[in-house]
Every structure is written in C-alpha cells, then in structure tokens.
Amino acid sequence: MTVDIDKTPADPPPAGPEAIKAIPVRHYGRYVSAVVAIALLVGVVYAFAQGKINWGAIPDYFFDDRILDGVGKTLLLTVLSMVIGIVGGVMLAVMRLSKNPVTSSIAWFYIWFFRGTPVLVQLIVWFNLGLVFEYINLGPFYKDEWSDFMTPFLTALLGLGLNEAAYMAEICRAGLLSVDEGQTEASHALGMSHSKTLRRIVIPQAMRVIVPPTGNEVINMLKTTSLVSVVQYPELLRAAQDIGQTSGAPAEMLFLAAAWYLLMTSIFSIGQYYLERYYARGSSRSLPATPFQKIKANVLSLSNRSASTGGTA
C-alpha cells in the first residue's frame, strides 16, 4: 500500500505590519522666533558696545575693597532681615489662624498695615522717628537718644525685616492651610498638644508649600536691600554710587552693581532649587532630574547616537 505525499510547499506565514516611520512635525514658527530673538539680542549688544560707556572700568573695580564690603553687608542684611521675616511670619500666621479674636485681629492689622505701605516709606519713617520719640528708655537696661539708637543698619534691618514678616505671614498661612485638618485631629486624638502638633506634624508637611515662595522672597529681599541707600547704609548700591562719584564713572558702577546682584541671585536660585527638591521627596513619585543630570543624559545620548551611526556606517 502506497501513500501519496503532497510535496507542495506550505504557504509562507503572513508578513507582519511594516514599521511606522515617524516624521517629526516641523515647527517653522519656532525657527522664525529664534532668529528674531537672536537678531534683537545682537542689536542690543551692539548698541551697548557702541555707547559711550567705559567697560574697562567695571573689571577694574569689580573686586574693589569697598565693593566687596558692600556685598558682605548686603548679604548680612538679607539674611538677618529674612530671619526676622520668617520668624515673625510664622508667629503672625499662627496668630491669624487662632480662634482668639484679639490675637487674630492684631495679626490682621499688622499684615494690612505693612503690606499697604511701601517699604521705602517705612524705611524713611523709621529713620525719622526721632521727631516723635526723642529718647528711647528701656529702664535700667538701655537709655539713649533716638538719633544715636536708630543707626542706619538698625533702620534697614527693622524696615526690611518687619515688612517681610507681613508677606511671610501670608505664605506661612497658605502652607498651614494646605495640610489636611485630619492630620491635626489625629494628632490631638493621640494626646499631642497644639504646639507639638504644629512642630511635628503640620509645619513639616507645610514646608513643601512654603519653601518655593520663600525662596522667591529671599531673592526679592536681596534686591530690595538696594533701597536702604536712602538711609545712608553702605550696602552694595551705595558703595557703587560712591565709587562712581569719585571715579567719574557713575553709569559703569551701576552696571557693576547689577552684575553683582545677578551673580548673587543666581547662587541663591541654585540653593532654592535643591531645597525645593529636598522637600518634594515625600510628594513626588520620582524627583525631577537636576541640571547636571540633564547635561549628563544629553551628553550620553549624543555619544550613543554617534556610536550607533558610526557602527552602521
């Protein structure tokens, strides 16, 4: 018995779908806007380069002792004013949220007054309060004339710090209100006092909301210190103006002061970024890449792409 075997080849398997070749969309508007922006930047740089400005005077005085002393006093004033502002802001925020109508009203009036008047006006008023208070008398601890007591440094510190406390109060209040009330109720149910609940539970969670605007306030305070030159405090702007008057380069010294402000604000901005990243650990699944990590990733991707291209060739 013979069996016929069909030797006809089987049908080939069906071919899979072709790979889709993605073609990126060309954004011509971006190219045009980039060219326009670069052209404007080149025009501005050319205009300043052709202006009657002695740019060589800026590096000559950039590290002058008077400038460095002004930078140090500016940083000192910024830090101390922010300490007063943050401590006062936390206290005012707690008072504002208090169920006691007296403390809540006092905090509301303080915030209303200091936010409603310009900080420059406050500085001038502090400097001239000797017209109202001829002497300051603290009993057996201290007694002196107001003009000797209210030095330019103390005027600048009180004017900036007390004004900043009003703004920090609203920032802190927003942060405290961002924490769910159930956290406070659970803490009280466990027997924790109100102050301990604030320190251990509420404030650590509120820091995620408080830190970003506080960083902006620090940078803003650094620039606001330039206003204290009106009360004769020798910070950076005052030092630059004094050098400009004696050297005959007033405009150049203003550019020098601007360069120092840009340098300091850039350093503060980097610190703010990493501080925000630290307090975002408990709220984000994955932290955003740091600038150095982004640069490293871009360099590695470019090297891998070039290596693959070379291997293909």
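Our subject is the structure that appears above.
Cut-off values and rules
- Residues numbered from 1 in each chain as written.
- Predicted model: local features only at pLDDT ≥ 70, side-chain atom pairs only at ≥ 80, totals over all residues.
- Heavy atoms only, no water.
- Helix = DSSP H or I, 4+ residues; strand = E, 2+ residues; numbered from the N terminus.
- Contact = heavy atoms within 4.5 Å.
- 1 Å grid on protein atoms, 1.4 Å probe; cavity = no way out; pocket = protein on both sides within 12 Å on 5 of 7 lines; lining within 4 Å.
- Points joined across faces, edges and corners; volume = space filled by probe spheres on them.
- Expected span 1.5 Å × (residues − 1).
- Bend = angle between axes of the 7 residues up to and from the residue.
- Salt bridge = Lys/Arg side-chain N within 4 Å of Asp/Glu carboxyl O.
- Phe/Tyr/Trp six-rings, centres within 6.5 Å; stacked < 30°, edge-to-face > 60°.
- Buried < 20%, exposed > 50% of the residue type's maximum accessible area, 1.4 Å probe, protein only.
- Patch = residues over 30% accessible without salt bridge, like charges linked within 9 Å, V, L, I, M, F, W, Y side chains within 5 Å.
- Areas by Shrake-Rupley, 256 points an atom, 1.4 Å probe, with all protein chains shown as cover.
- Axes fitted to C-alpha atoms, helices over the stretch in contact; angles between N-to-C directions.
- Parallel < 35°, antiparallel > 145°, perpendicular 65-115°, else oblique.
- Left-handed = near helix turned anticlockwise from the far one by under 90°.
- Nonpolar A, V, L, I, M, F, W, Y, C, P; charged D, E, K, R; others polar.

(A) Region of interest: the overall build of the protein. Tallying secondary structure elements over the protein gives 12 helices and two strands in all. In the protein, the proportion of contacts linking residues at least 24 apart, taken out of those at least 6 apart, comes to 72%.

(B) Structural view of the layout of surface pockets. One number sums up the size of the largest pocket: a volume of about 500 Å³. Along its surface, the largest pocket is lined by 15 residues, and Leu97, Leu177, Thr184, His194 and Leu198 are the ones closest to its centre. Put simply, the parts of the chain that give the lining of the largest pocket at least two residues each are α7 (152-177), α8 (181-189) and α9 (194-224). The space that makes up the second largest pocket amounts to roughly 410 Å³. Ile86, Met207, Ile210, Val211 and Thr214 are, among the 22 residues lining the second largest pocket, the residues nearest its centre. The set of elements that each furnish at least two residues to the lining of the second largest pocket consists of α3 (65-96), α7, α9 and α11 (250-279). When residues of the lining of the second largest pocket are assigned to their parent elements, the largest contribution, nine residues, is made by α9.

(C) Local environment of α9. Taking 1.5 Å of rise per residue, 31 residues should cover 45 Å, yet α9 covers just 36 Å from first to last C-alpha, more than 12% shy of that figure. A maximum bend of about 45 degrees is found in α9 at Met207.

(D) Region of interest: the pattern of salt bridges. With the rule as written, the count across this model stands at six salt bridges. The partner of Lys73 in a salt bridge is Asp69, and the shortest N-O contact between them spans 3.4 Å. Placement of the pair is Lys73 and Asp69 together in helix α3, with a separation of four residues, close to one helical turn. Among the salt bridges present, the one from Glu170 reaches Arg115, with a minimum N-O distance of 3.8 Å. You can see Glu170 sitting in helix α7 and its partner Arg115 sitting in helix α4 (residues 101-116), a full 55 residues away along the chain. Taken together, the shared-partner salt bridges in this structure form one network comprising Arg96, Arg115, Glu170 and Arg173.

(E) Spatial organisation of the packing of aromatic side chains. By the definition in use, this model includes 11 aromatic pairs. A centroid spacing of 6.1 Å and a plane angle of 85 degrees characterise the contact between Phe63 and Trp260, whose relative ring orientation is edge-to-face. With Phe63 in the loop between α2 (57-61) and α3 and Trp260 in helix α11, this pair connects stretches of sequence that are 197 residues apart. Taking the relative accessible area as the measure of exposure, Phe63 reaches 59% and is therefore exposed. Note on Trp260: relative accessible area 9%, which makes it buried. Taken together, a centroid distance of 5.7 Å and an interplanar angle of 45 degrees make the contact between Phe153 and Tyr233 tilted. One end of the pair, Phe153, is in helix α7; the other, Tyr233, is in the loop between α9 and α10 (236-247), and 80 residues separate them in sequence.

(F) Here's a closer look at a nonpolar patch on the surface. A contiguous nonpolar patch, built from Val44, Phe48, Trp55 and Phe255 and spanning about 340 Å² of accessible area, is present on the exposed surface. Within the secondary structure layout, Trp55 lies in the loop between α1 (28-50) and α2.

(G) Representation of the packing of α3 against α4 in the model. Between α3 and α4, the least distance of the axes is 7 Å, while the angle of their chain directions is 130 degrees. Taken together, α3 and α4 sit at an angle that is classed as oblique. Viewed along their axes, α3 and α4 form a crossing whose handedness is left-handed. From α3, Leu92, Met95 and Arg96 reach across to α4, where they touch Thr103, Ser104, Ile106, Ala107, Trp108, Tyr110 and Ile111. Grouping the constituent residues of the contact of α3 with α4 by class yields seven nonpolar, two polar and one charged.

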